[in-house]
Amino acid sequence: MEHFKQNNMANYNFGPTKIGFIGGGNMASAIGKPLIKKGIVNPNNVWVSARTNRTLGFWSDIGTHTTLKNGEVFDNCDVIFLAMKPHMLDDALEGIKLTMDRTRKPLFVSVLVGISLDTLTYKLKDIVEHPRIIRCLPNTPLMISEGITVYCSTNTTNEDEKMIHTLFSHIGVAESISESLMNAVGGLSGSGPAYAYLVIEALSDGAVKMGVPRNMATKFAAQVLVGAGKMVLETGKHPGQLKDEVCSTGGTTITGVHAMECGRVRASMMNAVEAAVKKSNELSSLTEKKI
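Scoring rules and cut-offs
Along each chain, numbering runs from 1 in the same order as the chain's sequence is written. In keeping with the model being predicted, local features are shown solely for residues with a pLDDT of at least 70 and side-chain atom pairs are shown and tallied solely at 80 or more, while totals for entire chains, interfaces and linings include all residues. Side-chain descriptors were evaluated using all non-hydrogen atoms of the structure, hydrogens and water having been removed beforehand. Definitions used throughout: a 1 Å grid over protein atoms alone; a cavity as a set of points that fits a 1.4 Å probe which cannot get out; a pocket as an open set with protein on both sides within 12 Å along at least five of seven lines; a lining residue as one with an atom within 4 Å of a point. Grid points are joined across faces, edges and corners, and a volume is the space filled by probe spheres set on the points. Each helix corresponds to a stretch of at least 4 residues labelled H or I by DSSP, and each strand to a stretch of at least 2 residues labelled E; elements are numbered beginning at the N terminus. By the convention adopted, Pro, Cys, Tyr, Trp, Phe, Met, Ile, Leu, Val and Ala count as nonpolar, Lys, Arg, Asp and Glu as charged, and the other residues, Gly among them, as polar. Remark: nonpolar core denotes a set of buried residues (Ala, Val, Leu, Ile, Met, Phe, Trp, Tyr, Cys) joined through side-chain atoms within 4.5 Å. Partly exposed describes any residue whose relative accessible area lies between the buried limit of under 20% and the exposed limit of over 50%, with all areas from a 1.4 Å probe on protein chains only and scaled to the type maximum. The contact criterion used is simple: two residues touch if any of their non-hydrogen atoms lie within 4.5 Å. Between the N-to-C directions of two axes lies an angle of 0 to 180 degrees, each axis being a line fitted to C-alpha atoms and, for a helix, fitted only over the stretch in contact. Each angle receives one of four descriptions, namely roughly parallel if under 35 degrees, roughly antiparallel if over 145, roughly perpendicular if within 65 to 115, and oblique otherwise. When DSSP finds two or more bridges between a pair of strands, those strands are recorded as paired. By convention, orient the strands away from the viewer: a clockwise path from the first strand over the helix to the second makes the crossover right-handed. For this document, the term salt bridge refers to a Lys or Arg side-chain nitrogen within 4 Å of an Asp or Glu carboxyl oxygen.

*Asks:* Whenever I open this one, the layout of surface pockets confuses me. Can you help?
*Replies:* Once rolled over the atoms, a probe with the size of a water molecule shows which space is left empty. Its boundaries defined by the atoms lining it, the second largest pocket holds a volume of some 1,200 Å³. Broken down by secondary-structure element, the contributors of at least two residues to the lining of the second largest pocket are helix H2 (26-37), helix H5 (89-99), strand E6 (132-138), helix H8 (182-190) and helix H13 (265-290). Across the lining of the second largest pocket, the residue classes break down as 20 nonpolar, 19 polar and seven charged.

Okay, here's the thing in C-alpha coordinates:
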(Lines give C-alpha, C1' and ligand atoms only; values in the text may rest on other atoms or scores of the structure.)
Protein backbone atom coordinates (compact mmCIF):
# COMPACT_ATOMS: atom_id res chain seq x y z
CA MET A 1 0.00 0.00 0.00
CA GLU A 2 1.37 3.42 -0.88
CA HIS A 3 2.59 5.79 1.83
CA PHE A 4 1.88 9.48 1.35
CA LYS A 5 4.53 11.96 2.43
CA GLN A 6 3.68 14.51 5.09
CA ASN A 7 4.69 17.49 2.95
CA ASN A 8 2.00 16.62 0.40
CA MET A 9 -0.75 16.44 2.97
CA ALA A 10 -1.38 20.17 3.32
CA ASN A 11 -2.32 20.29 -0.37
CA TYR A 12 -5.46 18.22 0.15
CA ASN A 13 -8.61 20.34 0.21
CA PHE A 14 -11.29 19.07 2.60
CA GLY A 15 -13.57 22.01 1.80
CA PRO A 16 -16.61 20.23 0.33
CA THR A 17 -15.99 16.83 1.93
CA LYS A 18 -18.80 15.83 4.26
CA ILE A 19 -17.71 13.68 7.20
CA GLY A 20 -19.98 11.60 9.40
CA PHE A 21 -19.61 9.75 12.69
CA ILE A 22 -21.92 6.92 13.62
CA GLY A 23 -21.30 6.95 17.33
CA GLY A 24 -20.39 10.25 18.97
CA GLY A 25 -18.36 9.06 21.97
CA ASN A 26 -14.75 9.51 23.09
CA MET A 27 -12.91 8.29 20.01
CA ALA A 28 -15.19 10.16 17.62
CA SER A 29 -14.63 13.39 19.56
CA ALA A 30 -10.87 12.71 19.74
CA ILE A 31 -10.86 12.73 15.94
CA GLY A 32 -13.49 15.36 15.18
CA LYS A 33 -12.79 18.00 17.81
CA PRO A 34 -9.15 18.81 16.87
CA LEU A 35 -9.94 18.76 13.15
CA ILE A 36 -12.71 21.30 13.66
CA LYS A 37 -10.68 23.35 16.15
CA LYS A 38 -7.77 23.62 13.70
CA GLY A 39 -10.09 24.61 10.87
CA ILE A 40 -9.28 21.53 8.79
CA VAL A 41 -12.93 20.49 8.69
CA ASN A 42 -15.93 22.82 8.67
CA PRO A 43 -18.38 21.82 11.44
CA ASN A 44 -21.25 22.50 9.02
CA ASN A 45 -19.91 19.59 6.94
CA VAL A 46 -20.00 17.12 9.86
CA TRP A 47 -22.91 14.84 10.81
CA VAL A 48 -22.98 12.81 14.02
CA SER A 49 -25.47 10.16 15.10
CA ALA A 50 -25.90 8.39 18.42
CA ARG A 51 -28.40 6.10 20.10
CA THR A 52 -29.39 8.81 22.59
CA ASN A 53 -28.88 12.56 22.99
CA ARG A 54 -26.46 11.96 25.86
CA THR A 55 -23.34 12.21 23.68
CA LEU A 56 -24.69 14.68 21.14
CA GLY A 57 -24.65 17.86 23.25
CA PHE A 58 -20.93 18.41 22.70
CA TRP A 59 -21.34 18.04 18.94
CA SER A 60 -24.26 20.46 18.80
CA ASP A 61 -22.25 23.00 20.78
CA ILE A 62 -19.44 23.03 18.21
CA GLY A 63 -21.85 23.48 15.31
CA THR A 64 -22.18 20.04 13.73
CA HIS A 65 -25.38 18.36 12.57
CA THR A 66 -26.67 15.81 15.08
CA THR A 67 -29.27 13.09 14.74
CA LEU A 68 -30.56 9.91 16.30
CA LYS A 69 -30.91 8.33 12.83
CA ASN A 70 -27.82 6.63 11.40
CA GLY A 71 -29.37 6.77 7.94
CA GLU A 72 -29.14 10.57 7.97
CA VAL A 73 -25.38 10.33 8.40
CA PHE A 74 -25.19 7.83 5.54
CA ASP A 75 -27.33 9.96 3.25
CA ASN A 76 -25.37 13.17 3.83
CA CYS A 77 -21.73 12.15 4.12
CA ASP A 78 -18.87 11.21 1.79
CA VAL A 79 -16.78 9.67 4.58
CA ILE A 80 -18.40 7.76 7.43
CA PHE A 81 -16.56 6.83 10.61
CA LEU A 82 -17.87 3.71 12.31
CA ALA A 83 -17.23 4.77 15.90
CA MET A 84 -19.77 2.85 17.93
CA LYS A 85 -18.86 0.07 20.38
CA PRO A 86 -17.81 -3.02 18.36
CA HIS A 87 -20.68 -5.13 19.68
CA MET A 88 -23.16 -2.48 18.48
CA LEU A 89 -22.11 -2.70 14.83
CA ASP A 90 -25.02 -4.85 13.69
CA ASP A 91 -27.62 -2.62 15.33
CA ALA A 92 -25.99 0.48 13.86
CA LEU A 93 -26.06 -0.97 10.36
CA GLU A 94 -29.70 -1.95 10.75
CA GLY A 95 -30.36 1.67 11.69
CA ILE A 96 -28.74 2.82 8.45
CA LYS A 97 -30.97 0.53 6.40
CA LEU A 98 -34.12 2.14 7.79
CA THR A 99 -33.69 5.42 5.92
CA MET A 100 -30.67 5.02 3.66
CA ASP A 101 -30.33 6.20 0.08
CA ARG A 102 -29.08 3.06 -1.70
CA THR A 103 -27.51 5.02 -4.53
CA ARG A 104 -24.81 6.42 -2.26
CA LYS A 105 -21.35 4.84 -1.99
CA PRO A 106 -19.43 6.55 0.83
CA LEU A 107 -16.02 5.61 2.16
CA PHE A 108 -16.26 3.77 5.48
CA VAL A 109 -13.58 4.31 8.13
CA SER A 110 -13.71 1.87 11.03
CA VAL A 111 -12.18 2.56 14.43
CA LEU A 112 -13.72 -0.64 15.80
CA VAL A 113 -11.16 -2.66 17.74
CA GLY A 114 -10.89 -6.31 16.79
CA ILE A 115 -13.08 -6.28 13.67
CA SER A 116 -11.20 -7.26 10.52
CA LEU A 117 -11.55 -5.90 7.01
CA ASP A 118 -13.06 -9.20 5.89
CA THR A 119 -15.76 -9.02 8.55
CA LEU A 120 -16.44 -5.35 7.83
CA THR A 121 -16.77 -6.14 4.13
CA TYR A 122 -19.20 -8.96 4.89
CA LYS A 123 -21.31 -6.68 7.07
CA LEU A 124 -21.26 -3.62 4.84
CA LYS A 125 -21.98 -5.36 1.54
CA ASP A 126 -25.67 -5.41 2.53
CA ILE A 127 -25.53 -1.62 2.44
CA VAL A 128 -23.08 -0.88 -0.39
CA GLU A 129 -21.92 -3.24 -3.10
CA HIS A 130 -18.12 -3.60 -2.96
CA PRO A 131 -17.73 -1.24 0.02
CA ARG A 132 -14.61 0.91 0.27
CA ILE A 133 -13.24 0.44 3.79
CA ILE A 134 -10.34 1.76 5.79
CA ARG A 135 -9.69 0.13 9.15
CA CYS A 136 -7.72 2.35 11.50
CA LEU A 137 -6.31 2.28 14.99
CA PRO A 138 -5.98 5.80 16.47
CA ASN A 139 -4.85 6.66 20.00
CA THR A 140 -6.14 9.26 22.45
CA PRO A 141 -3.38 11.93 22.04
CA LEU A 142 -5.20 12.80 18.82
CA MET A 143 -7.11 15.12 21.14
CA ILE A 144 -4.07 17.40 21.30
CA SER A 145 -2.94 16.72 17.72
CA GLU A 146 -0.12 14.41 18.86
CA GLY A 147 -1.72 11.08 18.06
CA ILE A 148 -0.67 7.98 16.18
CA THR A 149 -3.01 6.39 13.66
CA VAL A 150 -2.20 3.25 11.72
CA TYR A 151 -4.53 2.01 9.03
CA CYS A 152 -5.11 -0.63 6.37
CA SER A 153 -7.75 -0.81 3.66
CA THR A 154 -9.66 -2.80 1.09
CA ASN A 155 -11.25 -1.79 -2.22
CA THR A 156 -10.17 1.83 -1.76
CA THR A 157 -8.89 4.33 -4.30
CA ASN A 158 -5.66 6.28 -4.18
CA GLU A 159 -7.75 9.38 -3.43
CA ASP A 160 -9.39 7.61 -0.47
CA GLU A 161 -5.98 6.76 0.96
CA LYS A 162 -4.67 10.27 0.45
CA MET A 163 -7.71 11.81 2.12
CA ILE A 164 -7.54 9.67 5.25
CA HIS A 165 -3.77 9.94 5.53
CA THR A 166 -4.07 13.72 5.25
CA LEU A 167 -6.84 13.89 7.82
CA PHE A 168 -4.95 11.94 10.47
CA SER A 169 -1.64 13.63 9.64
CA HIS A 170 -3.17 16.94 10.70
CA ILE A 171 -3.65 15.57 14.24
CA GLY A 172 -0.58 13.40 14.63
CA VAL A 173 1.39 10.73 12.81
CA ALA A 174 -0.36 8.48 10.27
CA GLU A 175 1.00 5.38 8.61
CA SER A 176 -0.35 2.61 6.41
CA ILE A 177 0.52 -0.89 7.65
CA SER A 178 -0.39 -4.50 6.94
CA GLU A 179 -3.55 -5.64 8.71
CA SER A 180 -1.52 -8.47 10.26
CA LEU A 181 0.40 -5.84 12.26
CA MET A 182 -2.62 -3.98 13.65
CA ASN A 183 -2.73 -5.73 17.03
CA ALA A 184 1.05 -5.68 17.40
CA VAL A 185 1.27 -1.95 16.74
CA GLY A 186 -1.73 -1.38 18.99
CA GLY A 187 0.19 -2.85 21.93
CA LEU A 188 2.61 0.05 21.51
CA SER A 189 0.68 3.02 20.06
CA GLY A 190 -2.76 2.27 21.47
CA SER A 191 -1.71 1.18 24.96
CA GLY A 192 1.55 3.13 25.07
CA PRO A 193 0.12 6.40 26.44
CA ALA A 194 -0.94 4.55 29.60
CA TYR A 195 2.61 3.22 30.02
CA ALA A 196 3.97 6.74 29.55
CA TYR A 197 1.58 8.11 32.19
CA LEU A 198 2.85 5.50 34.65
CA VAL A 199 6.45 6.54 33.94
CA ILE A 200 5.59 10.22 34.40
CA GLU A 201 3.85 9.46 37.70
CA ALA A 202 6.78 7.36 38.91
CA LEU A 203 9.37 10.02 38.00
CA SER A 204 7.24 12.61 39.75
CA ASP A 205 6.98 10.41 42.84
CA GLY A 206 10.74 10.02 42.90
CA ALA A 207 11.27 13.77 42.76
CA VAL A 208 8.64 14.34 45.47
CA LYS A 209 10.44 11.83 47.66
CA MET A 210 13.56 13.94 47.31
CA GLY A 211 11.76 17.16 48.24
CA VAL A 212 10.46 18.62 44.96
CA PRO A 213 6.90 20.06 45.15
CA ARG A 214 4.35 17.78 43.47
CA ASN A 215 3.14 20.22 40.80
CA MET A 216 6.68 21.04 39.77
CA ALA A 217 7.71 17.38 39.82
CA THR A 218 4.85 16.29 37.57
CA LYS A 219 5.35 19.19 35.16
CA PHE A 220 9.06 18.45 34.79
CA ALA A 221 8.53 14.67 34.55
CA ALA A 222 6.06 15.17 31.69
CA GLN A 223 8.43 17.57 29.93
CA VAL A 224 11.26 15.04 30.26
CA LEU A 225 9.24 12.58 28.14
CA VAL A 226 8.24 15.29 25.65
CA GLY A 227 11.83 16.45 25.26
CA ALA A 228 13.31 12.96 25.06
CA GLY A 229 10.75 11.89 22.49
CA LYS A 230 11.48 14.90 20.30
CA MET A 231 15.22 14.22 20.58
CA VAL A 232 14.68 10.72 19.16
CA LEU A 233 12.42 11.94 16.37
CA GLU A 234 14.37 15.02 15.36
CA THR A 235 17.97 13.79 15.70
CA GLY A 236 17.36 10.37 14.18
CA LYS A 237 19.81 8.90 16.70
CA HIS A 238 19.27 5.52 18.33
CA PRO A 239 17.79 5.87 21.84
CA GLY A 240 20.76 3.96 23.22
CA GLN A 241 23.16 6.53 21.76
CA LEU A 242 21.18 9.41 23.22
CA LYS A 243 21.16 7.64 26.58
CA ASP A 244 24.93 7.22 26.46
CA GLU A 245 25.36 10.92 25.71
CA VAL A 246 23.64 11.77 29.00
CA CYS A 247 25.54 9.19 31.06
CA SER A 248 28.85 10.71 32.15
CA THR A 249 31.48 8.31 33.46
CA GLY A 250 30.92 7.69 37.16
CA GLY A 251 28.09 10.23 37.17
CA THR A 252 24.60 10.55 38.57
CA THR A 253 22.71 9.45 35.45
CA ILE A 254 24.53 6.15 34.92
CA THR A 255 23.96 5.44 38.61
CA GLY A 256 20.25 6.04 38.09
CA VAL A 257 20.22 3.89 34.94
CA HIS A 258 21.84 1.07 36.93
CA ALA A 259 19.07 1.35 39.52
CA MET A 260 16.47 1.08 36.73
CA GLU A 261 18.18 -1.98 35.27
CA CYS A 262 18.15 -3.60 38.71
CA GLY A 263 14.41 -2.98 38.78
CA ARG A 264 14.02 -4.59 35.34
CA VAL A 265 12.36 -1.52 33.89
CA ARG A 266 13.40 -2.43 30.35
CA ALA A 267 12.02 -5.97 30.65
CA SER A 268 8.82 -4.68 32.25
CA MET A 269 8.19 -2.32 29.33
CA MET A 270 8.74 -5.11 26.82
CA ASN A 271 6.47 -7.40 28.82
CA ALA A 272 3.76 -4.73 28.88
CA VAL A 273 3.69 -4.44 25.09
CA GLU A 274 3.71 -8.22 24.69
CA ALA A 275 0.87 -8.68 27.20
CA ALA A 276 -1.25 -6.02 25.50
CA VAL A 277 -0.75 -7.59 22.07
CA LYS A 278 -1.65 -11.06 23.34
CA LYS A 279 -4.81 -9.70 24.94
CA SER A 280 -5.68 -7.84 21.75
CA ASN A 281 -5.25 -11.04 19.72
CA GLU A 282 -7.51 -12.87 22.17
CA LEU A 283 -10.21 -10.21 21.99
CA SER A 284 -10.01 -10.09 18.19
CA SER A 285 -10.50 -13.85 18.03
CA LEU A 286 -13.54 -13.66 20.31
CA THR A 287 -15.04 -10.74 18.40
CA GLU A 288 -14.62 -12.47 15.05
CA LYS A 289 -16.28 -15.65 16.39
CA LYS A 290 -19.27 -13.69 17.67
CA ILE A 291 -19.66 -11.87 14.37
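*Asks:* Can you help me understand the nonpolar core in this one?
*Replies:* One broad trend across soluble globular proteins is that nonpolar side chains are buried collectively. In this structure, Phe-21, Ile-31, Val-79, Phe-81 and Phe-168 are the most contacted members of the largest nonpolar core, which totals 28 residues. Elements supplying a minimum of two residues to this core: strand E1 (19-22), H2, strand E2 (46-49), strand E4 (79-82), strand E5 (107-110), E6 and helix H7 (158-169). Sequence-distant contacts of Phe-21, defined by excluding residues within four places in its chain, comprise Ala-28, Ile-31, Gly-32, Val-46, Trp-47, Val-48, Ser-49, Trp-59, Val-73 and Phe-81.

*Asks:* Help me understand the packing of H8 against helix H9 (residues 192-209), please; the structure alone is not making it clear to me.
*Replies:* Each pair of packed helices can be summarised by the angle the axes make with each other and by the distance between the axes. Where H8 meets H9, the axes come as close as 5 Å, and the angle between the chain directions of the two elements is 30°. What the angle tells us is that H8 and H9 run roughly parallel. Contacts between H8 and H9 involve Gly-187, Leu-188, Ser-189 and Gly-190 from the former and Gly-192, Pro-193 and Tyr-195 from the latter. Its residues assigned to classes, the contact of H8 with H9 shows three nonpolar, four polar and no charged.

*Asks:* Just to check I follow, could you spell out the pairing of E5 for this structure?
*Replies:* The side chains of a regular strand alternate between both faces of the sheet. Residues of E5 alternate between two faces, with Leu-107 and Val-109 on one and Phe-108 and Ser-110 on the opposite face, all of them buried. Pairing of E4 with E5 involves four bridges; the strand directions are parallel. Bridge pairing links Leu-82 to Ser-110 in E5. Each parallel crossover has a hand, and the one from E5 via helix H6 (residues 117-124) to E6 is right-handed.

*Asks:* I tried to follow the sheet that holds strand E8 (residues 172-176) on my own but got confused; where do I start?
*Replies:* Sheet strands pair via backbone hydrogen bonds, and the direction of the pair is either parallel or antiparallel. If you trace the eight strands from one edge of the open sheet to the other, you get E3-E2-E1-E4-E5-E6-E7-E8, paired in mixed fashion. Two strands close off the open sheet at either side, each with one partner strand: strand E3 (65-67) and E8. Averaged over all neighbouring strand pairs, the angle between strand axes comes to 20°, with direction disregarded. Sheet strands touched by H2: E1, E2, E4 and E6. Its angle to E1, the strand with the most contacts, is close to 155°. Helix-sheet contacts for H7 involve E1, E4, E5, E6, strand E7 (147-154) and E8, and the interaxial angle to E8 is about 155°.

*Asks:* Hey, could you run me through empty space enclosed by the protein in this one?
*Replies:* Under the criterion given, the structure shown has one cavity of 30 Å³ or more. Looking at the largest cavity, its volume works out to about 30 Å³. If you trace the largest cavity, you find it lined by Ile-19, Phe-21, Gly-32, Leu-35, Ile-36, Val-41 and Val-46. Sorting the residues of the lining of the largest cavity by element identifies E1 and H2 as the ones contributing at least two each. Here the lining of the largest cavity takes three residues from H2, the largest share from any one element. Looking at the lining of the largest cavity, its residues break down into six nonpolar, one polar and no charged.

*Asks:* For this particular structure, what's the right way to read the pattern of salt bridges?
*Replies:* For side chains bearing opposite charge, pairing can occur when the charged atoms are close. The final tally for this structure, using the stated rule, is ten salt bridges. The closest approach of N and O atoms between Asp-90 and Lys-123, which form a salt bridge, is 3.0 Å. In this pair, Asp-90 sits in helix H5 while Lys-123 sits in helix H6, placing the two residues 33 residues apart along the sequence. Among the residues examined, Asp-90 registers a relative accessible area of 39% and is labelled partly exposed. Between Glu-282 and Lys-279 there is a salt bridge; the shortest N-O distance is 3.5 Å. Of the two residues, Glu-282 and Lys-279 both sit in helix H13, three residues apart, roughly one turn of that helix. The partly exposed category is assigned to Glu-282, whose relative accessible area is 42%.

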